[in-house]
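Residues per chain, in single letters:
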Amino acid sequence: MKEAISLLFQSLSTGGLTLRNRFMRSATWLAGADAETGALTEGLLGRYGELAMGGLGLLATGYSYISRDGKGAFRQWGLHDDRRTADVRRLAEVVHGGGAKLMIQIVHAGAMRHPSTVGAGRLLSPSGGAIRGGGGLSEAATESDIARILEDFAAAARRAREGGADAVQIHGAHGYLLTQFFSPLHNRRDDGWGGSFEGRSRLFLEVFRAVRAEVGRDFPLWFKLSLSEEVEGGYDAEEGLRLALLLAQAGVDGIEVSGGTGYSTAERAESRIGVTRGESEAYFAESAKRLRAQAPRDCAVALVGGLRSLERMAELLEGGVCDLFSMSRPLIAEPDLVNRWFEDDLSPSACVSCNACFKTAERGLIDCPVMRDKDEGIWDPVPES
Ligand SMILES: Cc1cc2nc3c(=O)[nH]c(=O)nc-3n(C[C@H](O)[C@H](O)[C@H](O)COP(=O)(O)O)c2cc1C
Ligand code: SF4
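Criteria and cut-off values
- Residues numbered from 1 in each chain as written.
- Chains lettered and ligands numbered in written order.
- Predicted model: local features only at pLDDT ≥ 70, side-chain atom pairs only at ≥ 80, totals over all residues.
- Helix = DSSP H or I, 4+ residues; strand = E, 2+ residues; numbered from the N terminus.
- Buried ≥ 20, exposed ≤ 12 C-beta atoms within 10 Å, placed from the backbone.
- Contact = placed C-beta atoms within 7 Å.
- Near = placed C-beta within 6 Å.
- Nonpolar A, V, L, I, M, F, W, Y, C, P; charged D, E, K, R; others polar.
- Axes fitted to C-alpha atoms, helices over the stretch in contact; angles between N-to-C directions.
- Parallel < 35°, antiparallel > 145°, perpendicular 65-115°, else oblique.
- Left-handed = near helix turned anticlockwise from the far one by under 90°.
- Expected span 1.5 Å × (residues − 1).
- Arc of directions from axis to C-beta.
- Pairing = 2+ DSSP bridges.

1. Observations regarding the overall build of the chain
Then comes step 1: Along its length, the chain carries twelve helices and 13 strands.
Then comes step 2: For the chain, buried positions account for 54% of its 385 residues.
Then comes step 3: Sequence separation of at least 24 residues holds for 71% of the intrachain contacts in the chain that already meet a minimum separation of 6.

Now the structure itself:
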């Protein structure tokens, strides 16, 4: 086991990137951007610097919107405008300065827009109507909306590349526009963008082609995918795997395996509560294992969702489940977690998977109230073993 743990810390080349280790920071919205312009702020930039200094191999940014109507969250940062390329430059400087590689996540939220996001324009979805947890009644996207969305994805990716990012990740998970198009529950179209598996997966492929044409073959393009929608009437793990393989065969450089959506129940959502060391860790491992076994070797497979201990990650690596280990909440709790592990404190993440961090966005910038209480000596979240 000790040997397998040390493998986690060795450098590798995968998914078009050379990384100092196998630890990835999964895309995590931290709020903190300018509410009106979507510009990065000093506070947000400082958090990225702190994360990069914490020892990660690869750092994915929180989702950045590709157009005003693609915005999904309060104080989200935007890559919808050429003026934002300068933000990528600053991000690249701090992230590279910390020794990590920078991946920019881009998104169109579709109808999954938080109701607090004012002034973001039309609310679009595949077939109109409301979705649970979304921003209200949406309009069905027209052919010309779809054509413009393809251009917006391509332009955002171009800004990421021009700003010096190492890769782009297209957000195809968690119930945002791409998931909505793939979902038999939300996509009731009877034109070429709906119906069969081919129709529902078409937007994924067209976005990939449009972005690839803009940034070129040598720039790493990844997807984050929910391999199962985890909702009654949604797509299942078989269709999710088929979609992932379709993208991998089309030339996608890497896939981060997630699951669930913002409209799934708490037990089936992407950020599950109550994860404890052992069995409940790595709750999407089975999906990643099936993908790793069938995808072309040069397509990297990262796993996210409840990774908390080095023992479990080493076991997954030995089992050939994935190439990279991606974490979100553990790095909100401890941005320097990888260095802590590297420096020999091998105890699992202090994150107790309570999701209280989501609520802290209201204060401007997300943080971990549990660790804050710990730092103030109120209590210790890591029980004595
Ligand atoms: C505060 C918060 C913000 C998140 N923002 C994003 C995001 O911008 N993009 C994304 O793909 N996933 C986002 N996620 C989901 C995480 O990246 C991750 O998939 C999920 O939390 C499970 O991983 P974990 O158990 O390591 O937290 C967010 C999660 C949290 C807790
Ligand atoms: S509030 Fe802290 S302990 Fe709770 S899930 Fe978020 S990061 Fe983890």
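2. Some thoughts on the site of ligand 2
Then comes step 1: For ligand 2, the set of nearby residues contains 14 residues, the closest of which are Cys351, Cys354, Cys357, Cys368 and Val370.
Then comes step 2: Breaking the shell around ligand 2 down by element, the ones donating at least two residues are helix H10 (329-333) and helix H12 (369-375).
Then comes step 3: Of the residues that constitute the shell around ligand 2, the class distribution is eleven nonpolar, two polar and one charged.

3. Re the packing of helix H4 (residues 143-162) against helix H6 (residues 197-215)
Then comes step 1: Look at H4 against H6: their axes get within 8 Å of each other, and the N-to-C directions meet at 40°. Put simply, H4 runs oblique to H6. Judged by the twist between their axes, the crossing of H4 over H6 is right-handed. Packed against H4, whose contacting residues are Leu150, Phe153, Ala154, Ala157, Arg158 and Arg161, the element H6 presents Glu206, Val207, Ala210, Val211, Ala213, Glu214 and Val215 at the interface.

4. Regarding unusual backbone geometry
Then comes step 1: Here Asp344, not a glycine, exhibits a phi torsion of approximately 100°, which is positive.
Then comes step 2: Mapped onto the secondary structure, Asp344 falls in the loop between helix H11 (337-342) and H12.
Then comes step 3: Backbone geometry at Ser353 places phi at a positive 55°, although glycine is not the residue there.
Then comes step 4: Turning to its location among the elements, Ser353 is positioned in the loop between H11 and H12.

5. Observations concerning the site of ligand 1
Then comes step 1: Close to ligand 1 lie 25 residues, the nearest being Ser26, Ala27, Ser271, Ser328 and Arg329.
Then comes step 2: Of the residues contributing to the shell around ligand 1, the split by class is eleven nonpolar, eleven polar and three charged.

6. Overview of the packing of helix H7 (residues 237-250) against helix H8 (residues 285-294)
Then comes step 1: The N-to-C vectors of H7 and H8 enclose an angle of 40°; their axes lie 10 Å apart at closest approach. Taken together, the axes of H7 and H8 are oblique relative to one another. Along this stretch, H7 crosses H8, giving a crossing that reads as right-handed. Residues Ala237, Gly240, Leu241, Ala244 and Leu245 of H7 lie in contact with H8, whose contacting residues are Ser287, Arg290, Leu291 and Gln294.
Then comes step 2: Tallied by class, the residues present in the contact of H7 with H8 amount to five nonpolar, three polar and one charged.

7. Things to note about helix H2 (residues 42-53)
Then comes step 1: Here H2 is twelve residues long and its end C-alpha atoms lie 16 Å apart, about the 16 Å a rise of 1.5 Å per residue gives.
Then comes step 2: Among all positions in H2, only Leu44, Arg47, Tyr48, Leu51 and Ala52 are buried. The buried residues of H2 occupy one face: seen down the axis, they fall within an arc of 135°.
Then comes step 3: Of the surrounding elements, those touching the buried residues of H2 are strand E3 (23-25), strand E4 (58-60), helix H3 (85-97) and H10.
Then comes step 4: Positive phi appears at Gly55, one or two residues downstream of H2, with a value of about 105°.

8. Observations regarding H7
Note: α-helices contain 3.6 residues per turn, so residues at a spacing of three or four share the same orientation.
Then comes step 1: For H7, with 14 residues, the first-to-last C-alpha span of 20 Å sits near the 20 Å given by 1.5 Å per residue.
Then comes step 2: By the burial criterion, the buried members of H7 are Gly240, Leu243, Ala244, Leu247 and Ala248. Looking down the long axis of H7, one finds its buried residues gathered within 135° of arc, a one-sided arrangement. Residues of H7 that are exposed and angled more than 90 degrees away from the buried face: Glu238 and Gln249.
Then comes step 3: Directly after H7, the chain includes Gly251, whose backbone phi takes a positive value near 110°.

9. Focus on the pairing of strand E13 (residues 324-327)
Regular strands place side chains that alternate from one sheet face to the opposite one.
Then comes step 1: Residues Leu324 and Ser326 of E13 are buried on one face, and the alternating residues Phe325 and Met327, pointing to the opposite face, are buried as well.
Then comes step 2: Across three bridges, E3 lies against E13 in parallel orientation. The partner of Phe23 across the bridge, within E13, is Phe325.

10. With respect to the environment of Ala60
Then comes step 1: Looking at where Ala60 falls in the secondary structure, it is placed in strand E4.
Then comes step 2: Between the C-alpha atom of Ala60 and that of Arg25, which follows or precedes it by 35 residues, the distance is 5.8 Å.
Then comes step 3: Among residues more than four places away in sequence, those in contact with Ala60 are Met24, Arg25, Ser26, Ala27, Met103, Gln105 and Gln169.

11. Some remarks on the environment of Gly254
Then comes step 1: Mapped onto the elements of the fold, Gly254 is located in strand E11 (residues 254-258).
Then comes step 2: For Gly254, a count of 27 C-beta atoms within 10 Å gives the class buried.
Then comes step 3: Sequence separation between Gly254 and Ala167 is 87 residues, and the spatial gap between their C-alpha atoms is 10.0 Å.
Then comes step 4: Gly254 has contacts with Gly15, Pro220, Trp222, Cys299, Ala300 and Ala302, leaving out every residue within four places of it along the chain.

12. Examining the pairing of E11
Then comes step 1: Of all five residues making up E11, five are buried, and the element is well covered by its neighbours.
Then comes step 2: On E11, burial covers both faces: Gly254, Glu256 and Ser258 on one face and Ile255 and Val257 on the other are all buried.
Then comes step 3: Pairing between strand E10 (residues 221-226) and E11: five bridges, direction parallel. Within E11, the position partnered with Lys224 by the bridge is Glu256.

On their own, these measurements won't tell you what the molecule is for.
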